[in-house]
Amino acid sequence: MEELKSIQWFPGHMTKTKRKIESQLKLIDAVAILLDARVPYSSCNPDLRSIINNKPRMVVLNKCDMADPAETQRWLQYFQQNRISAIALDCKSGKGFHAFVPTVKNVLSEKIQAWQAKGMTGRTIKVMVVGIPNVGKSSFINRLSRQNRAKVEDRPGVTRGNQWFTVGKGFDLLDTPGVLWPKFDDKSVGEKLAYIGSVKDDVLDTEHLAGRLLEFLRDRYPSPLCDRYKLSQEEIRTLQGYEILELVGKKRGMLIAGGEINTERAAITVLDEFRSAVMGKMTLDKVEECGDVRI
Ligand code: G4P
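Before going into details, it helps to say that this report is about the structure given with it. Keep in mind it's a predicted model, so treat the numbers as computed, not measured.

## Looking at unusual backbone geometry
For step 1, the next point in the chain: One non-glycine residue, Arg83, adopts positive backbone phi at about 55°.
For step 2, the next point in the chain: When you line up the elements, Arg83 lands in the loop between α3 (69-81) and β3 (85-88).
For step 3, the next point in the chain: For Arg83, a relative accessible area of 79% gives the class exposed.
For step 4, the next point in the chain: Phi angles above zero are rare outside glycine, and Lys230 is one such case at about 55°.
For step 5, the next point in the chain: Along the chain, Lys230 turns up in the loop between α9 (222-229) and α10 (233-236).

## Observations concerning the side chain of Arg57
For step 1, the next point in the chain: With respect to the helices and strands, Arg57 occurs in strand β2 (residues 57-62).
For step 2, the next point in the chain: Buried charge without a salt bridge: Arg57, with Glu22 as the nearest opposite-charge side chain at an N-O distance of 12 Å.
For step 3, the next point in the chain: Within the structure, the side chain of Arg57 is placed 2.6 Å from the backbone oxygen of Asn53, a separation counted as a polar contact.
For step 4, the next point in the chain: Among all residues touching Arg57, those that are not within four sequence positions of it are Val31, Ile33, Ile52, Val107 and Ile295.

## Details of the nonpolar core
For step 1, the next point in the chain: Grouped together as the largest cluster of nonpolar side chains are 61 residues, with contacts concentrated most on Phe100, Phe140, Leu173 and Leu217.
For step 2, the next point in the chain: Counting only domains with at least three residues in this core, you end up with domain 1 (12-183) and domain 2 (187-275).
For step 3, the next point in the chain: Phe100 has contacts with Ala32, Met58, Val60, Ile87, Val127, Phe140, Leu144, Phe171 and Leu173, leaving out every residue within four places of it along the chain.
For step 4, the next point in the chain: Of all hydrophobic cores here, the second largest spans 31 residues; its members include Ile28, Val31, Leu35 and Cys64.

## Observations concerning the packing of aromatic side chains
For step 1, the next point in the chain: Scanning the model with the defined rule gives seven aromatic pairs in all.
For step 2, the next point in the chain: Ring geometry for Phe97 against Phe140: centres 5.5 Å apart, planes inclined by 35°, an arrangement best described as tilted. You can see Phe97 sitting in the loop between β3 and α4 (100-107) and its partner Phe140 sitting in helix α6 (residues 137-145), a full 43 residues away along the chain.
For step 3, the next point in the chain: Both rings, one in Phe100 and one in Phe171, keep their centres 6.0 Å apart while their planes meet at 65°; by these two values the pair is edge-to-face. Taken together, the positions of Phe100 in helix α4 and Phe171 in strand β6 (residues 171-175) put the pair 71 residues apart, joining distant regions of the chain.

Quick notes on the rules
- Residues numbered from 1 in each chain as written.
- Predicted model: local features only at pLDDT ≥ 70, side-chain atom pairs only at ≥ 80, totals over all residues.
- Heavy atoms only, no water.
- Helix = DSSP H or I, 4+ residues; strand = E, 2+ residues; numbered from the N terminus.
- Buried < 20%, exposed > 50% of the residue type's maximum accessible area, 1.4 Å probe, protein only.
- Lys, Arg positive; Asp, Glu negative; His and termini not counted.
- Salt bridge = Lys/Arg side-chain N within 4 Å of Asp/Glu carboxyl O.
- Polar contact = N/O pair within 3.5 Å; in protein donor to acceptor, adjacent residues only side chain to side chain.
- Contact = heavy atoms within 4.5 Å.
- Core = buried A, V, L, I, M, F, W, Y, C linked by side-chain atoms within 4.5 Å.
- Domains from an automatic or database assignment.
- Phe/Tyr/Trp six-rings, centres within 6.5 Å; stacked < 30°, edge-to-face > 60°.

This is the structure in structure tokens:
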């Protein structure tokens, strides 16, 4: 996508975050890697594996309330097959949270046994939560700590200070030190992150983005898309994204003076409705289409 070329993920920022994370590694026992259940591959920074080195780790597929449940199950199987502990949850309803602490304890079972053997029974487990902006780190920590101390920002990429949160007796969480920028050398990764809103809209052409999304959904989720905007699969089969966008605007009566279709308004509507899952629970990354999630 042309517009995405203008977004550079400053290598300097990534180096800073890498150093910050590395400097905190000695303070923690395990890493919880938050991924967006709609894009488990695209929301995973491929450098993470080398940054967290050999620390025990687990995957948290967040926002599963908005993801296609069948695809989430496939991703959980994928991680299981690759011997990576993974759970799916959502911060809106709290579904799946019960599995978090037991999974961390399971990941650390050998360590915990070693502590017990040394008589360190009251040792606090310390977990670092990492993930790209907007994946739900603050919401996740808030829900676990129930103290509302982790500020939830509404813009991706907001830097926060280093913070610890107690989530229960003998269990502490550390919020990602620095901003773990996503990495999208791969064009489709950049597009998907833009669709879900993890890339700032103001640097993107909204109508172009919505058009691309409509083409993607036409091929991936034609029924929910057509149901939502009263389109027929036949009529959109051979259309370009922008033409589908025009149809959406027309069906919704989004007109401007002179009877022209307000495609900008239609684009905002399409993106909003996709991002809030009112269009349906959809997953953009399929296990069989993606490369390995390198964690
Ligand atoms: P971050 O710290 O990783 O940057 O993410 P943050 O928690 O700020 O969450 C980013 C957005 O994602 C927030 O929405 C948050 O409410 C939403 N979110 C987080 N987890 C979930 C989830 O499991 N399901 C759903 N549906 N949404 C989730 P926002 O629109 O930016 O803010 P707000 O509307 O909640 O105020």
